[in-house]
Amino acid sequence: MGAGRTKRRVGRVDVQGTVAAGWEPVRDAFLRNFEQRGERGAAVAVHRDGVKVVDLWAGTKDVDGEEQAGQDLWAHDTAQVVRSATKGVGAAVPLLLHQRGLLDLDAPVAAYWPDFKAAGKDRVTVRQLLAHRAGVPVLDRPLTLAEATDLPTATAAIAAQAPSWEPGTGHGYHAHTFSWLLSGLVHQVTGRTIGSWVAEEITGPLGLDLWIGLPDAQAHRVGRLGPVEEIDPPGGGALRLRPKRSVSEAYENPDSLTRRAFGAIDPKPDENDPAYRAAELPGSAGVATARALAGFYAATLGPVNGAARLFTPDTLALAGAEESAGPDQVLLVGTRFGLGHMLHGPASPLLGPSSFGHPGRGGSLGFADPDSGIAFGYVTNGMRKTVTADPRAQALVRAVRAAAL
């Protein structure tokens, strides 16, 4: 199945890249996102059985860029902050440590990180921590950006925090605190920061343009994020996720777990700030191309770019196994989690029952689907208000399903 280079203009938007025969529905859906859903700049990539079948990009590098100025165009190597899509990459680290015999998923976190046993967390297991069951989605005192990006300060804060519910008895999305939980655990086990571990053990060997902690030398490639108008075509099949009143009220209530979880860094960081992009925050601040995000998930399924597959069959099964399901005490909708990855479900539709990955609030999405051999990556500079199921990403997923299944 050969890949054909494509260049299509929609209004003032040139769509560039390659699409293999039979995968044109993904290109068409990508075009419609610019025509009908207010897309400003984005890229999408798809692998099947380790072969790249879609690699497209279009629009402007910056959300407020002007396409007439050539330097503002999204290029083949443009990268973006992918927000919580970073969690899916970070979650691979403890799975790989377990695969290498360095981490027992059912051991107490305190066995590796003694300070973590404070405030009633002595029985929290590694498995519970990864599955958003540790009960620490908030901090009594939010951290400044300087504190949040300083590993000793941030990990000391989360280690001292008392749980909001009895650990293991329920789950709730650890929106920001997942960064410090994961960073603290990985540092205690490996002696390395999670960003350096990912670079040395995953993205470097695979040749992927994906960073948890953006190097200064790559900063020129990263576009500006910003809000975009919430446009959906009438009858376009977009997933309708109008929040219930209780959910809307929770985001507005400064005392709710929802508001406090998303406000664990205060003031709210500027994601276009070089200091934020350089931060090793595996829950929110990763920077990637769509090609790299898809390539990472492809590598969990099999060999990519001449490098050995990341996950053994046993680890792959762990990645897609359900650990948490049902009412989420932070998001207030039903969610499904494995060991750090979101799993396919109504709140976060992926490709099918075997899919695991993670969305980024407002747009980006990456996942693997072992049943079909599909790996998917989508990044955008236009942020919508969606948390787990962006209509643009979902339109692309539907197109992948139509082409692949």
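Residues numbered from 1 in each chain as written. Predicted model: local features only at pLDDT ≥ 70, side-chain atom pairs only at ≥ 80, totals over all residues. Heavy atoms only, no water.

Visitor: Explain the overall build of the protein here, please?
Guide: Scanning the protein from N- to C-terminus turns up 13 helices and 15 strands. For 405 residues, the compact-globule formula gives about 22 Å, and the C-alpha radius of gyration of the protein, at 20 Å, lands near that figure. Dimensions along the principal axes, computed over C-alpha positions, put the protein at roughly 60 × 45 × 40 Å. The buried share of the protein, reckoned over its 405 residues, is 58%. Taking the contacts inside the protein whose residues are at least 6 apart along the sequence as the reference set, 67% of them involve residues at least 24 apart. Carbon together with sulfur atoms contributes 50% to the accessible area of the protein, which is approximately 15400 Å² in total. Where the 41 positive side-chain charges of the protein centre and where its 43 negative ones centre are 5 Å apart. (Helix = DSSP H or I, 4+ residues; strand = E, 2+ residues; numbered from the N terminus. Rg over C-alpha atoms; globule rule 2.2 N^0.38 Å. Buried < 20%, exposed > 50% of the residue type's maximum accessible area, 1.4 Å probe, protein only. Contact = heavy atoms within 4.5 Å. Areas by Shrake-Rupley, 256 points an atom, 1.4 Å probe, with all protein chains shown as cover. Lys, Arg positive; Asp, Glu negative; His and termini not counted. Charge placed at Lys NZ, Arg CZ, Asp CG, Glu CD.)

Visitor: I tried to follow the pairing of strand E13 (residues 365-369) on my own but got confused; where do I start?
Guide: Along a regular strand, successive side chains alternate from one face of the sheet to the other. For E13, the tally of buried residues reaches five of five residues, placing the bulk of the element in the interior. Here strand E12 (residues 356-359) hands over to E13 after five residues, with Gly 362 in that stretch at a positive phi of 95°. As judged from the five bridges shared by E13 and strand E14 (residues 374-380), these two strands associate in the antiparallel manner. In the strand pairing of E14, Ala 368 is matched with Ala 375. Here E13 folds back onto E14, and the loop between the two strands holds four residues, one of which, Gly 373, carries a positive phi near 75°. (Pairing = 2+ DSSP bridges.)

Visitor: Please clarify how helix H7 (residues 194-206) should be interpreted in this entry.
Guide: One turn of an α-helix holds 3.6 residues; hence residues three or four places apart share an orientation. Across its 13 residues, H7 extends 17 Å between first and last C-alpha, which sits within 8% of the 18 Å expected from 1.5 Å per residue. Along H7, the positions that sit buried rather than exposed are Ile 194, Gly 195, Trp 197, Val 198, Ile 202, Thr 203 and Leu 206. Looking one or two residues past H7, Gly 207 carries a phi angle of roughly 65°, positive in sign. (Expected span 1.5 Å × (residues − 1).)

Visitor: Is there a simple way to explain the environment of Gly 17 in this structure?
Guide: By the element assignment, Gly 17 lies in strand E2 (residues 13-20). The sequence separation of Gly 17 and Val 54 amounts to 37 residues, and the corresponding C-alpha distance is 7.9 Å.

Visitor: Looking at this model, I keep getting lost on the sheet that holds strand E5 (residues 80-81). Mind explaining?
Guide: Picture the strands of a sheet paired through backbone hydrogen bonds; they go either parallel or antiparallel. The sheet built from three strands is open, its strands ordered E5-E8-E6 with antiparallel pairing. With partners counted over all chains shown, the strands left at the sheet margins are E5 and strand E6 (210-211), one partner each. Bridge count between E6 and strand E8 (residues 287-288): two bridges; the pairing is antiparallel. Bridge assignment links Leu 210 to a residue of E8, and that residue is Ala 288.

Visitor: Explain the pattern of salt bridges to me, please; I cannot follow it from the model alone.
Guide: Two side chains bearing opposite charge may form a pair once their charged atoms approach each other closely. Under the counting rule described, the total for this entry stands at 18 salt bridges. For Asp 106, the salt bridge is made with Arg 127, and the minimal N-O distance between the two is 2.7 Å. Separated by 21 residues along the polypeptide, Asp 106 in the loop between helix H2 (85-99) and helix H3 (126-130) and Arg 127 in helix H3 bring together distant segments of the chain. Relative accessible area serves as the criterion here: at 48%, Asp 106 is assigned to the partly exposed category. (Salt bridge = Lys/Arg side-chain N within 4 Å of Asp/Glu carboxyl O.)

The values are spatial; any link to function lies outside them.
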